[in-house]
Amino acid sequence: MRFHILTLFPEAFEGPVRHSMLGRAIQRGLLSVQITDIRSYTTDAHGTADDYQFGGGHGMVLKPEPIFDAVADTLLPYGKGRSTEFPIVLLSPQGRKLDQELVLELAAAPGLVILCGHYAGVDERVRTHLATHDVSIGDYVLTGGELAAMVLVDAVSRFTPGVVGSAENVQEDSITSGLLQHPLYTRPADFRGIGVPEILLSGHHANIERWRREESLRRTLRSRPDLLARAELSADDEKFLAGLGYSVDDGGIESGSNPTA
Ligand code: 6GU
(Lines give C-alpha, C1' and ligand atoms only; values in the text may rest on other atoms or scores of the structure.)
Protein backbone atom coordinates (compact mmCIF):
# COMPACT_ATOMS: atom_id res chain seq x y z
CA MET A 1 0.00 0.00 0.00
CA ARG A 2 1.37 3.39 -1.04
CA PHE A 3 0.21 6.44 0.85
CA HIS A 4 0.72 9.90 -0.64
CA ILE A 5 -0.15 12.59 1.88
CA LEU A 6 -0.51 16.19 0.73
CA THR A 7 -0.33 18.67 3.57
CA LEU A 8 0.68 22.19 4.57
CA PHE A 9 2.32 20.72 7.70
CA PRO A 10 4.67 17.92 6.58
CA GLU A 11 6.58 17.99 9.87
CA ALA A 12 3.44 16.78 11.69
CA PHE A 13 4.04 13.31 10.20
CA GLU A 14 7.69 12.85 11.14
CA GLY A 15 7.05 11.23 14.51
CA PRO A 16 4.13 8.96 13.64
CA VAL A 17 5.60 7.68 10.39
CA ARG A 18 9.00 6.88 11.86
CA HIS A 19 8.11 5.62 15.31
CA SER A 20 4.73 3.92 15.29
CA MET A 21 4.09 0.31 14.35
CA LEU A 22 3.93 1.70 10.81
CA GLY A 23 7.63 2.58 10.95
CA ARG A 24 8.48 -1.13 11.06
CA ALA A 25 6.13 -1.94 8.19
CA ILE A 26 7.77 0.81 6.11
CA GLN A 27 11.24 -0.56 6.86
CA ARG A 28 10.07 -4.01 5.82
CA GLY A 29 8.82 -2.57 2.53
CA LEU A 30 5.17 -3.40 3.16
CA LEU A 31 4.08 0.22 3.10
CA SER A 32 5.38 3.48 1.74
CA VAL A 33 4.40 6.92 2.96
CA GLN A 34 5.30 9.93 0.82
CA ILE A 35 4.66 13.36 2.31
CA THR A 36 4.24 16.27 -0.08
CA ASP A 37 4.26 19.89 1.06
CA ILE A 38 1.38 21.62 -0.75
CA ARG A 39 3.27 24.90 -0.35
CA SER A 40 5.99 23.66 -2.69
CA TYR A 41 3.37 23.81 -5.46
CA THR A 42 2.55 27.48 -4.91
CA THR A 43 3.76 29.81 -7.64
CA ASP A 44 4.26 33.20 -5.96
CA ALA A 45 7.25 34.41 -3.99
CA HIS A 46 5.41 34.17 -0.65
CA GLY A 47 4.21 30.58 -1.11
CA THR A 48 0.57 31.56 -0.79
CA ALA A 49 -1.58 28.46 -0.41
CA ASP A 50 -4.74 30.16 0.88
CA ASP A 51 -6.88 33.16 0.04
CA TYR A 52 -9.97 35.10 1.15
CA GLN A 53 -13.32 33.52 0.37
CA PHE A 54 -15.59 34.83 -2.35
CA GLY A 55 -18.74 36.27 -0.85
CA GLY A 56 -16.89 37.42 2.25
CA GLY A 57 -16.62 35.87 5.68
CA HIS A 58 -14.07 34.85 8.27
CA GLY A 59 -11.46 32.23 7.55
CA MET A 60 -9.07 31.55 4.71
CA VAL A 61 -9.66 28.95 2.02
CA LEU A 62 -7.07 26.64 0.48
CA LYS A 63 -6.53 27.57 -3.15
CA PRO A 64 -7.22 24.91 -5.79
CA GLU A 65 -4.16 25.30 -8.06
CA PRO A 66 -1.40 23.97 -5.75
CA ILE A 67 -3.58 21.02 -4.72
CA PHE A 68 -4.52 20.05 -8.30
CA ASP A 69 -0.87 20.37 -9.37
CA ALA A 70 0.42 18.34 -6.42
CA VAL A 71 -2.09 15.54 -7.08
CA ALA A 72 -1.25 15.48 -10.80
CA ASP A 73 2.46 15.12 -9.97
CA THR A 74 1.71 12.44 -7.39
CA LEU A 75 -0.26 10.32 -9.86
CA LEU A 76 2.20 10.83 -12.74
CA PRO A 77 4.35 7.75 -11.97
CA TYR A 78 1.21 5.60 -11.98
CA GLY A 79 0.20 6.79 -15.46
CA LYS A 80 -3.24 7.59 -14.14
CA GLY A 81 -5.41 10.63 -13.75
CA ARG A 82 -8.37 10.86 -11.45
CA SER A 83 -10.05 7.47 -11.10
CA THR A 84 -11.56 5.47 -8.28
CA GLU A 85 -8.83 2.86 -8.94
CA PHE A 86 -6.48 5.20 -7.11
CA PRO A 87 -8.64 7.01 -4.57
CA ILE A 88 -8.03 10.69 -3.86
CA VAL A 89 -9.32 11.20 -0.34
CA LEU A 90 -10.17 14.68 0.87
CA LEU A 91 -10.22 14.82 4.67
CA SER A 92 -12.76 17.30 5.97
CA PRO A 93 -15.47 17.47 8.62
CA GLN A 94 -18.00 17.58 5.74
CA GLY A 95 -17.11 14.08 4.53
CA ARG A 96 -18.68 10.65 4.97
CA LYS A 97 -17.92 9.33 8.42
CA LEU A 98 -15.07 6.79 8.36
CA ASP A 99 -16.00 3.28 9.45
CA GLN A 100 -14.48 -0.18 9.01
CA GLU A 101 -16.46 -0.76 5.81
CA LEU A 102 -14.94 2.33 4.16
CA VAL A 103 -11.50 1.39 5.55
CA LEU A 104 -11.79 -2.01 3.82
CA GLU A 105 -12.90 -0.41 0.55
CA LEU A 106 -9.92 1.96 0.57
CA ALA A 107 -7.51 -0.82 1.60
CA ALA A 108 -8.32 -2.68 -1.63
CA ALA A 109 -6.63 0.06 -3.70
CA PRO A 110 -2.91 -0.07 -4.61
CA GLY A 111 -2.47 3.30 -2.94
CA LEU A 112 -4.20 6.41 -1.68
CA VAL A 113 -3.72 10.10 -2.22
CA ILE A 114 -4.74 11.85 1.00
CA LEU A 115 -5.49 15.59 1.03
CA CYS A 116 -5.34 17.31 4.41
CA GLY A 117 -7.72 20.25 4.59
CA HIS A 118 -6.94 23.29 6.70
CA TYR A 119 -8.12 26.74 7.79
CA ALA A 120 -11.81 27.32 7.09
CA GLY A 121 -11.67 24.64 4.37
CA VAL A 122 -10.62 23.96 0.80
CA ASP A 123 -11.97 25.42 -2.42
CA GLU A 124 -15.08 23.41 -3.30
CA ARG A 125 -13.66 22.51 -6.73
CA VAL A 126 -11.16 20.24 -4.99
CA ARG A 127 -14.10 18.26 -3.61
CA THR A 128 -16.17 18.25 -6.81
CA HIS A 129 -13.49 17.87 -9.48
CA LEU A 130 -10.46 16.24 -7.84
CA ALA A 131 -11.30 14.12 -4.79
CA THR A 132 -12.93 10.73 -5.32
CA HIS A 133 -13.79 10.38 -1.62
CA ASP A 134 -14.66 12.96 1.01
CA VAL A 135 -14.01 11.56 4.48
CA SER A 136 -14.44 12.73 8.08
CA ILE A 137 -13.22 10.72 11.07
CA GLY A 138 -16.05 11.69 13.39
CA ASP A 139 -18.48 14.26 14.65
CA TYR A 140 -16.03 16.77 16.08
CA VAL A 141 -13.89 19.45 14.49
CA LEU A 142 -10.09 19.24 14.30
CA THR A 143 -7.81 22.15 13.42
CA GLY A 144 -6.65 20.30 10.32
CA GLY A 145 -6.74 17.01 8.45
CA GLU A 146 -3.30 15.80 9.61
CA LEU A 147 -4.48 13.78 12.61
CA ALA A 148 -7.33 12.41 10.51
CA ALA A 149 -4.77 11.33 7.87
CA MET A 150 -2.81 9.44 10.53
CA VAL A 151 -5.98 7.70 11.67
CA LEU A 152 -6.83 6.72 8.11
CA VAL A 153 -3.29 5.49 7.32
CA ASP A 154 -3.21 3.41 10.51
CA ALA A 155 -6.63 1.83 9.96
CA VAL A 156 -5.98 1.04 6.28
CA SER A 157 -2.49 -0.32 6.98
CA ARG A 158 -3.88 -3.01 9.26
CA PHE A 159 -5.39 -4.62 6.17
CA THR A 160 -2.10 -4.67 4.27
CA PRO A 161 -0.81 -8.26 4.48
CA GLY A 162 2.04 -8.64 6.97
CA VAL A 163 1.57 -5.31 8.79
CA VAL A 164 -0.44 -6.90 11.57
CA GLY A 165 0.82 -10.26 12.86
CA SER A 166 -1.26 -13.38 12.22
CA ALA A 167 -1.83 -13.59 15.99
CA GLU A 168 -4.11 -10.60 15.58
CA ASN A 169 -6.44 -11.70 12.82
CA VAL A 170 -7.83 -8.50 11.34
CA GLN A 171 -10.84 -10.29 9.88
CA GLU A 172 -11.88 -11.56 13.29
CA ASP A 173 -11.24 -8.38 15.18
CA SER A 174 -13.82 -6.30 16.88
CA ILE A 175 -15.97 -4.13 14.59
CA THR A 176 -15.07 -6.12 11.45
CA SER A 177 -16.99 -9.00 13.01
CA GLY A 178 -19.83 -6.60 13.84
CA LEU A 179 -19.50 -6.85 17.65
CA LEU A 180 -17.28 -5.25 20.24
CA GLN A 181 -14.42 -7.34 21.64
CA HIS A 182 -14.92 -9.52 24.72
CA PRO A 183 -12.96 -8.72 27.92
CA LEU A 184 -9.31 -9.84 28.02
CA TYR A 185 -7.31 -10.99 31.06
CA THR A 186 -3.70 -12.01 31.61
CA ARG A 187 -1.61 -13.03 34.64
CA PRO A 188 -1.77 -12.69 37.58
CA ALA A 189 -5.04 -14.54 38.19
CA ASP A 190 -5.37 -12.54 41.42
CA PHE A 191 -4.44 -8.86 41.11
CA ARG A 192 -4.87 -6.95 44.40
CA GLY A 193 -7.73 -9.25 45.27
CA ILE A 194 -9.44 -8.81 41.90
CA GLY A 195 -9.82 -12.16 40.21
CA VAL A 196 -10.53 -13.23 36.64
CA PRO A 197 -13.64 -15.09 35.45
CA GLU A 198 -13.31 -18.72 36.60
CA ILE A 199 -14.36 -20.04 33.20
CA LEU A 200 -11.20 -18.64 31.53
CA LEU A 201 -9.08 -20.85 33.83
CA SER A 202 -11.21 -23.94 33.22
CA GLY A 203 -9.50 -25.09 30.01
CA HIS A 204 -12.94 -25.86 28.56
CA HIS A 205 -12.64 -24.30 25.10
CA ALA A 206 -16.26 -24.57 23.99
CA ASN A 207 -17.50 -22.95 27.19
CA ILE A 208 -14.87 -20.24 26.92
CA GLU A 209 -15.91 -19.47 23.33
CA ARG A 210 -19.54 -19.22 24.38
CA TRP A 211 -18.66 -16.96 27.33
CA ARG A 212 -16.61 -14.68 25.06
CA ARG A 213 -19.42 -14.48 22.55
CA GLU A 214 -21.94 -13.57 25.26
CA GLU A 215 -19.65 -10.92 26.74
CA SER A 216 -19.24 -9.43 23.25
CA LEU A 217 -23.01 -9.35 22.87
CA ARG A 218 -23.48 -7.85 26.35
CA ARG A 219 -20.90 -5.15 25.71
CA THR A 220 -22.21 -4.29 22.27
CA LEU A 221 -25.75 -3.99 23.63
CA ARG A 222 -24.51 -1.72 26.42
CA SER A 223 -22.15 0.55 24.43
CA ARG A 224 -23.13 0.27 20.76
CA PRO A 225 -26.65 -1.11 20.30
CA ASP A 226 -26.61 0.34 16.76
CA LEU A 227 -24.05 -2.35 15.80
CA LEU A 228 -26.31 -5.17 16.97
CA ALA A 229 -28.95 -4.38 14.38
CA ARG A 230 -26.40 -5.18 11.62
CA ALA A 231 -24.54 -8.07 13.29
CA GLU A 232 -24.92 -11.68 12.21
CA LEU A 233 -26.63 -13.36 15.16
CA SER A 234 -27.20 -17.05 15.77
CA ALA A 235 -30.32 -18.46 17.46
CA ASP A 236 -28.23 -18.82 20.66
CA ASP A 237 -27.14 -15.17 20.38
CA GLU A 238 -30.74 -14.03 20.01
CA LYS A 239 -31.78 -16.10 23.01
CA PHE A 240 -29.00 -14.61 25.13
CA LEU A 241 -29.91 -11.07 24.05
CA ALA A 242 -33.59 -11.73 24.76
CA GLY A 243 -32.53 -12.54 28.33
CA LEU A 244 -31.01 -9.04 28.50
CA GLY A 245 -34.21 -7.48 27.25
CA TYR A 246 -33.12 -7.00 23.62
CA SER A 247 -35.53 -8.21 21.01
CA VAL A 248 -34.12 -8.77 17.52
CA ASP A 249 -37.63 -8.65 16.01
CA ASP A 250 -38.29 -5.16 17.38
CA GLY A 251 -34.79 -4.21 16.25
CA GLY A 252 -34.23 -2.93 19.72
CA ILE A 253 -34.96 -2.97 23.37
CA GLU A 254 -38.31 -3.91 24.86
CA SER A 255 -39.93 -1.12 26.76
CA GLY A 256 -39.49 -1.29 30.49
CA SER A 257 -36.31 -3.35 30.43
CA ASN A 258 -32.90 -2.17 31.42
CA PRO A 259 -30.17 -3.98 29.49
CA THR A 260 -27.35 -2.55 31.57
CA ALA A 261 -28.82 -3.61 34.91
CL1 6GU B 1 -11.07 14.79 8.30
N2 6GU B 1 -10.80 17.17 9.37
C3 6GU B 1 -11.05 18.10 10.31
N4 6GU B 1 -10.49 19.30 10.20
N5 6GU B 1 -11.83 17.87 11.35
C6 6GU B 1 -12.40 16.66 11.43
C7 6GU B 1 -12.17 15.66 10.50
C8 6GU B 1 -11.36 15.95 9.45
N9 6GU B 1 -12.88 14.57 10.87
C10 6GU B 1 -13.49 14.89 11.99
N11 6GU B 1 -13.21 16.15 12.34
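A short tour of the structure in this document, coming up.

What counts and what doesn't
- Residues numbered from 1 in each chain as written.
- Predicted model: local features only at pLDDT ≥ 70, side-chain atom pairs only at ≥ 80, totals over all residues.
- Heavy atoms only, no water.
- Core = buried A, V, L, I, M, F, W, Y, C linked by side-chain atoms within 4.5 Å.
- Buried < 20%, exposed > 50% of the residue type's maximum accessible area, 1.4 Å probe, protein only.
- Helix = DSSP H or I, 4+ residues; strand = E, 2+ residues; numbered from the N terminus.
- Contact = heavy atoms within 4.5 Å.
- Pairing = 2+ DSSP bridges.
- Near = heavy atom within 4 Å.
- Polar contact = N/O pair within 3.5 Å; in protein donor to acceptor, adjacent residues only side chain to side chain.
- Areas by Shrake-Rupley, 256 points an atom, 1.4 Å probe, with all protein chains shown as cover.
- Nonpolar A, V, L, I, M, F, W, Y, C, P; charged D, E, K, R; others polar.
- Axes fitted to C-alpha atoms, helices over the stretch in contact; angles between N-to-C directions.
- Parallel < 35°, antiparallel > 145°, perpendicular 65-115°, else oblique.
- Left-handed = near helix turned anticlockwise from the far one by under 90°.
- Arc of directions from axis to C-beta.
- Patch = residues over 30% accessible without salt bridge, like charges linked within 9 Å, V, L, I, M, F, W, Y side chains within 5 Å.
- Salt bridge = Lys/Arg side-chain N within 4 Å of Asp/Glu carboxyl O.

### Regarding the nonpolar core
Grouped together as the largest cluster of nonpolar side chains are 29 residues, with contacts concentrated most on F3, L91, L112, I114, L152 and V156. Within the residue set of this core, elements represented by two or more residues are β1 (2–7), α2 (21–27), β5 (88–97), α4 (100–107), β6 (111–116) and α6 (146–157). The leading source of residues in this core is α6, at 6 residues. Setting aside its immediate chain neighbours within four residues, F3 contacts L31, S32, V33, Q34, L112, I114, V153, V156 and S157. In terms of nonpolar packing, the next biggest core, distinct from the first, is built from 18 residues, A49, V71, L90 and A131 among them.

### Observations regarding the side chain of S157
As for its position among the elements, S157 is in helix α6. By relative accessible area, which is 0% here, S157 ends up buried. Excluding its chain neighbours within four sequence positions, the residues that come into contact with S157 are F3, L22, L31 and V163.

### Some words on the environment of A235
Looking at the secondary structure, you find A235 in helix α9 (residues 235–243). Residue classification places A235 among the exposed residues on the basis of a relative accessible area of 64%. Each C-alpha atom of the pair A235 and D123 lies 52 Å from the other, and the pair is 112 residues apart in sequence.

### Here we look at the sheet that holds strand β7 (residues 121–122)
What the 3 strands build is an open sheet, ordered β3-β4-β7; its pairing is mixed. Edge positions in the sheet fall to β3 (50–51) and β7, since each has one partner strand and no second. Two elements, strand β4 (residues 61–62) and β7, share 2 bridges in a ladder whose sense is parallel. In the strand pairing of β7, V61 is matched with G121.

### Overview of the site of the ligand
In the vicinity of the ligand, the contacting residues are L91, S92, P93, V135, S136, I137, G138, Y140, V141, L142, G144 and A148. Take S136: an N or O atom from its side chain is 3.3 Å from a nitrogen atom of the ligand. In the model, a nitrogen atom of the ligand is placed 2.5 Å from a nitrogen or oxygen of the Y140 main chain. Protein coverage of the free-state accessible area of the ligand, which is 290 Å², stands at 96%. Of all the secondary-structure elements, those providing two or more residues to the shell around the ligand are β5 and β8 (133–136). Broken down by element, the shell around the ligand gets its largest block of residues, 3 residues, from β5. Here the residues of the shell around the ligand are counted per class, giving 8 nonpolar, 4 polar and no charged.

### Concerning the sheet that holds β5
Read from one edge to the other, the open sheet built from 5 strands follows the order β2-β1-β6-β5-β8, with strand pairing classed as parallel. At either end of the open sheet lies a strand with only one pairing partner, and these are β2 (32–37) and β8. Pairwise comparison of adjacent strand axes, ignoring direction, gives a mean angle of 35 degrees for this sheet. Two elements, β1 and β6, share 5 bridges in a ladder whose sense is parallel. Following the sheet pairing, I5 is matched in β6 by I114.

### Quick word on the packing of helix α7 (residues 205–223) against α9
Two quantities define a packed helix pair, namely the angle between the helix axes and the distance between the axes. Here α7 crosses α9 at 50 degrees, and the two axes come no closer than 10 Å. In terms of their interaxial angle, α7 and α9 are classed as oblique. Here the hand of the crossing between α7 and α9 comes out right-handed. Note on element contacts: α9 touches α7 through D236, D237, F240 and L241, opposite R210, R213, E214, L217, R218 and L221. Here the contact of α7 with α9 is composed, by residue class, of 4 nonpolar, no polar and 6 charged.

### Comments concerning α9
Of the residues making up α9, those classed as buried are D237, F240 and L241. End-on, the buried residues of α9 take up no more than an arc of 95 degrees, which puts them together on one face. Counted as exposed and oriented over 90 degrees from the buried face of α9: A235, K239 and G243. On its buried side, α9 packs onto α7, α8 (225–228) and β9 (246–247). Within two residues after α9, G245 carries a phi angle of roughly 95 degrees, on the positive side.

### Topic: a nonpolar patch on the surface
A surface patch of nonpolar side chains, amounting to about 290 Å² of accessible area, comprises Y140, L142 and L147. With respect to the secondary-structure elements, Y140 resides in the loop between β8 and α6. Here Y140 falls in the partly exposed class, since its relative accessible area comes to 46%.

So far we have only geometry, and geometry alone does not tell us how the molecule works.
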